[in-house]
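One letter stands for each residue in the lines below.
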Amino acid sequence: MQLSTAEPGLLKESGGGTAAENGLLPSRHAGSFDGRRRKLRLHGMAGYLFIMPAFSVLTLFFYIPAGLLFIMAFYHWNLFGNSTFAGWANFSTLFNQPLYFRSLAETAYFAAVMVPADTLAGLALALLLREGLGQLRSGKRRRGGGIGRSLVFLPHVTPVIATSIIWAWVFNPRYGLANYVLRTVGLGQPGWLDSTRWAMPAVMLYSLWHSVGYYAVFFLAGLAMVPDQVLEAAKADGASRWYSFRRVVLPMISPTIFMVAILSSVASMQAFSQIYALSGGPHGGAGGPAYATTTDALLIYNTAFIYQHISLAAAMSLVLFLVLLAITLIQKRLARRWVYYGGDK
Amino acid sequence: MVTNFILLFSGVSLLWRQQRNIPMTERAMASISLEHVVRSFGNQTVLNDISLEIADGEFLVLLGPSGCGKSTLLRTIAGLEQPSSGRVYLDGEDVTQAQPGERDIGMVFQNYSLYPHLSVKENLAFGLRARRTPRHEVDAAVGRVASLLELQELLARKPRQLSGGQRQRVALGRALARRPRVILMDEPLSNLDSALRDRMRVQLRRLHQKVGLTTLYVTHDQQEALALADRVAVMRAGSIEQVGPPEEVLLRPATAFTAAFVGSPPMNLIHIPDPGSEAEQEITIGIRPEDLILGALSGPSISLEVSVEVLERTRDGLLLHGLWRDREVVAKLPLEADRPAAGSITTLSASIDHLAYFCPDSGRRLDLPHSERAKTLAAAQCS
């Protein structure tokens, strides 16, 4: 009630009185203003009620555990007994471990290859698919479009653990498909998952197979936003295919490129399942051989559930979170220079 | 010393221009010539054996209802579509197989199709940049086009920040910046409101007088066609019905289709039995609404007893919509004419010299001698 009496006064200062106060309108209109306000407040409550179920599930299983992580990182946490405050101790332990820095380096290596690979291969696949679908369409076989897109997307909907185990067979040095192909074309055959040098590239190949269709679908949507007429205008302007791709298509799909880059950065820095499965996780010794595939996520898992050092894992998660946040912010800042959002600026 | 320098410079520039094939005159000369162009998609023929000559510097308008193939014809000349058979020549050079970029054409699209992520300046420069034109030349061309179309103030803006008319001018400027041999326009004014369209129409004509480029302009709006064209080509269902100056198309339509399509309101077409034929064949007679007067005429004429349905006032006359033997007939009367009441029966007459005769099968215009004309009407009991 106090709020509503204050309101007309404010209006008076800025505008010289409402119509009701100046006697232009019957005064009951001022009363109905109050009524509407109360109604609005009730509507607001209804909104909160509607999001309540989803919000409580998220709180219970996401926000509270995530918040707990911040606390655990500063304690010697005992899952079943008393926990004691540790201050920065977990972090100093962490930063004195060469293995931790090794894992960060492996994560960086994985992400540095995966982000450009996902983006380029996704875009290339989308372009091929579009071209191919265009051919099919002109050939009166419209059905091809949906099937092609589904086939490309299919690897992404397969369970990572299951297909990783199949790919472990592909990478078998003696009997695997990968080395069979290399042998057939007369190239050297690496030991793949058994080799410290080739284990990570093997994981990358699998990851690319699994994710590229997903990103290609993003690019297909992005490419569909480029009007055919604008491309025709470029053609009439005398632009070569490459020139109009570089100067028209790429800038116009820059929001998609940016989104894929962010999604792929986050996904590759959190990548766990395929690395776990391919490096023999189910049989113990995940992250091998000789820590060659021990990324940050793998080390967090091993620390928490193999070495049973929950607080240290929490501290590592916290650092990973900050790193991801920083990278996303930097990408967002950089994006202002090259991403075209179709706005006025 | 200075003279020597100037001589040397002009010599070098001449050589350089020749090498790069840049025309010395303000504009390049170009005629367009189409020979038996056919375009079909599956068993549907969109362009049916089209032959057309467009002279250098001419403004030719392709006029036709939507779906008649006029845009496809334009796109075929631009190289965005390939003809199924037939040849396209630009200035005598066979360009049927050439890429759009090699044809040196400027194109203006119906929805402008500007590059939305580029500024006006970059839009204008796009075609030149794509051809690796030196920077100072690009800047000069952009400056020239910007001043021609009064775009100087807008160079830094993005297409989104422009009004419809401004976008239209940028689209035009983009087509002109490369100094094309020919400019092709696909319904360039159809997205503008009517006041702006009137203004842009005058500007387009003025621009053509200034630049003098060979222009091919597609529209379904006869007002645009009559206002802009040196010659109009009327198209129907993939064929050209008639090519000629606007007055000729308007006053002496070559076919019944053109007669019914051009003019506002268009010609009245009525069918009467033809006394010349043994079988009871009909003949189509065209009467321009302007040629019909109230009451009877002395001398050989046609008279129609019509029941008056609606009287419609327009800026420059009174349109009488009536029914004659269950067919609608429109007469354009002077504003000060006596107004017959709606529902009444009145007589409309036109001199026999003003009538157009069309073959009812082919729709072609028939040039009947005076005596034949009168006989036909007498037999039909219309005179």
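Note that this is a predicted model, so its numbers are computed, not measured.

**Student:** In this structure, what is going on with the interface of chain B and chain A? I would like to understand it.
**Tutor:** In many analyses, interface size is given as the accessible surface area lost on bringing the parts together. Across the boundary between the two partners, chain B contributes 24 residues, which contact 20 residues of chain A. Between chain B and chain A the total buried area reaches about 2,100 Å² when both faces are included, carbon and sulfur atoms providing 55% of it. Counting every contact that joins chain B to chain A gives 2 salt bridges. Across the pair Glu232 of chain A and Arg75 of chain B runs a salt bridge whose closest N-O atoms are separated by 2.5 Å. Scanning the region where chain B abuts chain A turns up 9 residue pairs in polar contact (both at pLDDT 80 or more). Elements represented by at least two residues in the side of chain B that touches chain A include exactly α3 (100–103), β6 (105–108) and α4 (120–130) of chain B.

**Student:** How do you make sense of the side chain of Thr119 of chain A when you look at a structure like this?
**Tutor:** Residue and element names in this part refer to chain A. By the element assignment, Thr119 lies in helix α4 (residues 98–138). On the basis of relative accessible area, Thr119 is assigned to the buried category, the value being 12%. Residues within four places of Thr119 in sequence aside, it is in contact with Phe219, Ile257, Val260 and Ala261.

**Student:** Help me understand the sheet that holds strand β1 (residues 32–41) of chain B in this model?
**Tutor:** Either a parallel or an antiparallel arrangement is found when strands of a sheet pair, and the pairing is made through backbone hydrogen bonds. Residue and element names in this part refer to chain B. Taken in spatial order, the 4 strands line up as β2-β1-β4-β5 in an open sheet, and their pairing is antiparallel. In this open sheet, the two edge strands, each paired with only one partner strand, are β2 (44–54) and β5 (93–94). Pairing of β1 with strand β4 (residues 85–90) involves 5 bridges; the strand directions are antiparallel. Paired with Ile32 across the strands is Leu90, a residue of β4.

**Student:** How do you make sense of unusual backbone geometry when you look at a structure like this?
**Tutor:** Backbone geometry follows two general trends: most residues other than glycine have a negative phi, and most peptide bonds adopt the trans configuration. All names here are of chain B. With an omega dihedral of -5°, the bond running from Ser264 to Pro265 counts as a cis peptide bond. Looking at the element boundaries, Pro265 is found in the loop between α10 (256–261) and β11 (268–273). Unlike most non-glycine residues, Asp91 shows phi in positive territory, near 55°. Along the chain, the position of Asp91 falls in the loop between β4 and β5.

**Student:** Would you explain the packing of aromatic side chains in this entry?
**Tutor:** Aromatic ring pairs are defined here through the distance separating the ring centres and the angle between the ring planes. Under the defined criterion, the tally for this structure stands at 30 aromatic pairs over all chains. Aromatic pair Tyr301 of chain A and Phe305 of chain A: ring centres 5.5 Å apart, planes at 50°, arrangement tilted. One end of the pair, Tyr301 of chain A, and the other, Phe305 of chain A, are both in helix α13 (residues 296–306), 4 residues apart, so they sit about a helical turn from each other. Accessibility expressed as a relative area gives 23% for Tyr301 of chain A, which makes it partly exposed. Note on Phe305 of chain A: relative accessible area 54%, which makes it exposed. Linked through ring pairs, Trp167, Phe171, Trp192, Trp198, Tyr206 and Trp209 of chain A together constitute an aromatic cluster. The aromatic ring of Tyr115 of chain B is capped on one face by Arg174 of chain B, whose charged end is 4.7 Å from the ring centroid.

**Student:** I'm lost on the pattern of salt bridges in this one. Help?
**Tutor:** Side chains carrying opposite charge are able to pair once their charged atoms draw close together. As enumerated under the stated definition, the model contains 17 salt bridges over all chains in all. A salt bridge links Glu81 of chain B to Arg75 of chain B, with the nearest nitrogen and oxygen atoms 3.2 Å apart. Each member of the pair, Glu81 of chain B as well as Arg75 of chain B, is classed as buried. Across the pair Arg236 of chain B and Glu241 of chain B runs a salt bridge whose closest N-O atoms are separated by 3.8 Å. Take Glu241 of chain B: its relative accessible area is 14%, and that puts it in the buried class. Connected through shared salt-bridge partners, Glu232 of chain A together with Arg39, Arg75 and Glu81 of chain B make up one network.

**Student:** In this structure, what is going on with the sheet that holds β6 of chain B? I would like to understand it.
**Tutor:** Residue and element names in this part refer to chain B. Taken together, the 6 strands give an open sheet; going across it, the order is β6-β7-β8-β3-β9-β10, and neighbouring strands pair in mixed fashion. Across the chains shown, the open sheet's two edge strands, defined by having one partner strand only, are β6 and β10 (239–244). Ignoring strand direction, the axes of neighbouring strands in this sheet form an average angle of 15°. Bridge count for β6 against strand β7 (residues 182–186) is 4 bridges, and the pairing is parallel. If you follow Gly106 over to β7, its bridge partner there is Ile183.

**Student:** Where do I start with the packing of helix α5 (residues 135–148) of chain B against helix α6 (residues 164–177) of chain B in this structure?
**Tutor:** Helix packing for two helices is described by the angle between their axes and how far apart those axes are. Residue and element names in this part refer to chain B. Across the interface, α5 lies against α6 with an axial gap of 10 Å and an inter-helix angle of 140°. Relative to α6, α5 is oriented oblique. Read as a crossing pair, α5 and α6 show a hand that is right-handed. In this structure, α5 uses Ala141, Arg144, Val145 and Leu148 to contact α6, whose residues at the interface are Gly173, Leu176 and Ala177. Grouping the constituent residues of the contact of α5 with α6 by class yields 5 nonpolar, 1 polar and 1 charged.

**Student:** Which parts of the structure should I look at to understand the confidence of the model for chain B?
**Tutor:** Do not read the fine detail of predicted coordinates wherever pLDDT is low. Residue and element names in this part refer to chain B. Residues at a pLDDT of 70 or more form 89% of chain B, whose mean pLDDT is 85. The low-confidence segment residues 17–26, where pLDDT is below 50, has 9 contacts with residues more than four positions distant or belonging to other chains. Scored as a complex, the prediction yields pTM 0.75 and ipTM 0.77.

**Student:** When you look at the nonpolar core in this model, what are you seeing that I'm missing?
**Tutor:** Soluble, globular proteins show a tendency: their nonpolar side chains are buried together. Residues and elements named next belong to chain B. Core analysis: the biggest nonpolar cluster contains 56 residues, and Leu62 and Leu184 have the highest contact counts within it. What Leu62 contacts, discounting residues up to four positions off in sequence, is Leu52, Lys70, Leu73, Leu216, Tyr217, Val218, Thr219, Ala233 and Met235. Counting residues in hydrophobic clusters, the runner-up holds 43 residues, among them Tyr112, Leu124, Leu189 and Tyr217.

What counts as what
- Residues numbered from 1 in each chain as written.
- Chains lettered and ligands numbered in written order.
- Predicted model: local features only at pLDDT ≥ 70, side-chain atom pairs only at ≥ 80, totals over all residues.
- Heavy atoms only, no water.
- Contact = heavy atoms within 4.5 Å.
- Buried area = accessible area lost by both parts, 1.4 Å probe.
- Salt bridge = Lys/Arg side-chain N within 4 Å of Asp/Glu carboxyl O.
- Polar contact = N/O pair within 3.5 Å; in protein donor to acceptor, adjacent residues only side chain to side chain.
- Helix = DSSP H or I, 4+ residues; strand = E, 2+ residues; numbered from the N terminus.
- Buried < 20%, exposed > 50% of the residue type's maximum accessible area, 1.4 Å probe, protein only.
- Pairing = 2+ DSSP bridges.
- Phe/Tyr/Trp six-rings, centres within 6.5 Å; stacked < 30°, edge-to-face > 60°.
- Lys NZ or Arg CZ within 6 Å of the ring centre and 35° of its normal.
- Axes fitted to C-alpha atoms, helices over the stretch in contact; angles between N-to-C directions.
- Parallel < 35°, antiparallel > 145°, perpendicular 65-115°, else oblique.
- Left-handed = near helix turned anticlockwise from the far one by under 90°.
- Nonpolar A, V, L, I, M, F, W, Y, C, P; charged D, E, K, R; others polar.
- pLDDT = per-residue confidence, 0-100.
- Core = buried A, V, L, I, M, F, W, Y, C linked by side-chain atoms within 4.5 Å.

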